[in-house]
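Overview (structure and organization)
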Amino acid sequence: MKKLVVLISGNGSNLQSILDACASGRINGSVAAVFSNKASAYGLTRAREAHVPSHALAASEFADRDAFDRQLMQEIDAYAPDLVVLAGYMRILSPAFVAHYHDRLVNIHPSLLPKYPGLHTHRQALENGDEEHGTSVHFVTDELDGGPIVLQARVPVFAGDSEDDISARVQHQEHAIYPLVISWFVDGRLQMRAGKAWLDGEPLPPQGYAHD
């Protein structure tokens with residue numbers, strides 16, 4: 001059974017969807033450990049309730065980002081994960097970290113990439129009058145939110161929506177598509193090769209998998 005390590009910074013709702021998918025067999029794997037850069041993250045409580053080892057590392061205890069990431073890599077590697085999953089992890093990763101987990105590091109971002117990398121994506125969608133917003137699962141590269149996209153989900157933006165309205169709509173889709181993408185990887189269907197995402201032996205288009 002394949003092993004996942006999940007990195008979080010906050011509430012951990014995507015972590016919960018992954019834990020549930022592992023428990024139900026939708027992901028043929030298990031979460032071996034959860035790490036957070038914030039000891040107060042509720043996602044750590046979710047991990048403990050699921051009897052999954054949980055760890056918090058504080059950036060203030062390290063000289064710089066590279067030192068933090070070196071320690072994080074060492075602790076992650078103790079679990080020998082097949083896939084490292086970023087689920088609301090709010091630290092920018094060092095190039096050494098990204099290189100170390102090359103081809104087995106995925107992230108979910110709350111926008112239809114390449115639109116709105118970085119923070120405050122829902123606010124930007126509202127300010128720009130977008131009629132459509134969404135979320136993207138992608139492999140991680142050195143470019144912020146710029147790795148090859150595996151799968152996107154779209155949601156409508158309605159007149160009068162608040163950021164919270166859009167966030168709830170987007171999270172509902174995230175909880176569906178992130179476990180699905182992880183299951184593809186665990187089952188050997190998904191991989192990153194030559195800077196592209198491949199599914200079932202075929203390279204995916206720039207916006208990821210799409211139904212015919």
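Worth saying up front: this structure is predicted, and the values here are computed from it rather than measured. (Residues numbered from 1 in each chain as written. Predicted model: local features only at pLDDT ≥ 70, side-chain atom pairs only at ≥ 80, totals over all residues. Heavy atoms only, no water.)

1. Remarks on the overall build of the chain
Basically, it comes down to this: A run of H or I in DSSP counts as a helix once it spans at least four residues, and a run of E counts as a strand once it spans at least two, with each numbered from the N terminus. With C-alpha atoms as the basis for the radius of gyration, the globule rule is written as 2.2 Å multiplied by the number of residues raised to the power 0.38. Categorising residues by exposure relies on relative accessible area from a 1.4 Å probe, with only protein chains included: less than 20% of the type maximum marks a residue as buried, more than 50% marks it as exposed, and the intermediate range marks it as partly exposed. Throughout, a residue-residue contact means that at least one pair of heavy atoms, one from each residue, lies within 4.5 Å. Using a 1.4 Å probe, the Shrake-Rupley method yields the accessible areas, and only the shown protein chains count as cover for residues. His is not counted, nor are the chain ends, whereas Lys and Arg count as positive and Asp and Glu as negative. For the purpose of locating charges, the reference atoms are NZ of Lys, CZ of Arg, CG of Asp and CD of Glu.
A tally of regular secondary structure across the chain gives 6 helices and 10 strands. For the chain, whose C-alpha radius of gyration is 17 Å, the value lies close to the compact-globule estimate of 17 Å for 212 residues. Across its three principal axes, the chain shows a C-alpha extent of roughly 45 × 40 × 35 Å. Counting across all 212 residues of the chain, residues that qualify as buried make up 48%. Contacts in the chain between residues at least 24 apart in sequence constitute 62% of all its contacts with a sequence separation of at least 6. Accessible surface, the chain: about 10200 Å² in total, of which carbon and sulfur atoms supply 50%. Counting 17 positive and 26 negative side-chain charges, the chain places the centres of these two groups 4 Å from one another.

2. What to know about the environment of Y79
In this structure, Y79 sits in the loop between α3 (65-77) and β4 (83-86). The spatial distance from the C-alpha of Y79 to the C-alpha of V31 is 9.9 Å, given a sequence separation of 48 residues. With sequence-adjacent residues up to four places away left out, Y79 is seen in contact with K3, V5, A32, A33, F35, P53 and H55.

3. Overview of unusual backbone geometry
In the segment running from L113 into P114, the intervening peptide bond is cis, with an omega of 10°. Tracing the sequence through the fold places P114 in the loop between β5 (105-109) and α5 (121-127). If you check the backbone angles, H120 has positive phi at about 60° while not being a glycine. Mapped onto the elements, H120 comes out in the loop between β5 and α5. Positive phi, normally seen in glycine, also occurs at D200, with a value near 55°. Given the relative accessible area of 45%, D200 is considered partly exposed.

4. Some points on the UniProt feature "binding site: N(1)-(5-phospho-beta-D-ribosyl)glycinamide" (unreviewed entry) in the chain
Threshold: UniProt positions are given in the numbering used here, feature names are shortened, and annotations may be inferred rather than shown by experiment. In this analysis the probe radius is 1.4 Å and the grid spacing 1 Å, with only protein atoms considered; a cavity is a set of points the probe fits into but cannot get out of, a pocket is an open set with protein on both sides within 12 Å along at least five of seven lines, and lining residues have an atom within 4 Å of a point.
The residues that UniProt annotates with the feature "binding site: N(1)-(5-phospho-beta-D-ribosyl)glycinamide" (unreviewed entry) are G12, S13 and N14. Lining the largest pocket, out of the annotated residues just given, are G12, S13 and N14. Examined against the element boundaries, S13 turns out to sit in helix α1 (residues 13-24). Residues within four places of S13 in sequence aside, it is in contact with R46, Q171 and H175. Its location among the elements puts N14 in helix α1. Here N14 is in contact with A87, I108, E174, H175 and Y178, once residues within four sequence places are set aside.

5. Focus: the packing of aromatic side chains
In this description, an aromatic ring pair is defined by two values, namely the gap between the centres and the angle between the planes. Spelled out, the test is: Only rings of Phe, Tyr and Trp enter the pairing, Trp through its six-membered ring, and a pair is recorded when the two centres are within 6.5 Å. The plane angle decides the type: under 30 degrees is stacked, over 60 is edge-to-face, the rest tilted. Whether a charge sits over a ring depends on NZ of Lys or CZ of Arg being within 6 Å of the ring centre and within 35 degrees of the ring normal.
Counting across every chain of the model gives 4 aromatic pairs. Between F35 and Y79, the aromatic rings sit 6.2 Å apart at their centres with planes inclined by 75°, giving edge-to-face as the arrangement. Here F35 is found in strand β2 (residues 29-36), whereas its partner Y79 is found in the loop between α3 and β4, with 44 residues between them in sequence. Between W184 and Y209, the ring centres sit 5.4 Å apart and the planes meet at 70°, which makes this aromatic pair edge-to-face. With a gap of 25 residues between them, W184 in helix α6 (residues 163-186) and Y209 in the segment after β10 (202-203) connect regions that are remote in the sequence. What makes W184 buried here is its relative accessible area of 6%. Accessibility expressed as a relative area gives 31% for Y209, which makes it partly exposed. The ring of F68 carries the charged tip of R91 above its face, separated from the ring centre by 4.0 Å. If you follow R193 out to its NZ or CZ, it ends over the ring of W198, 3.8 Å from the centre.

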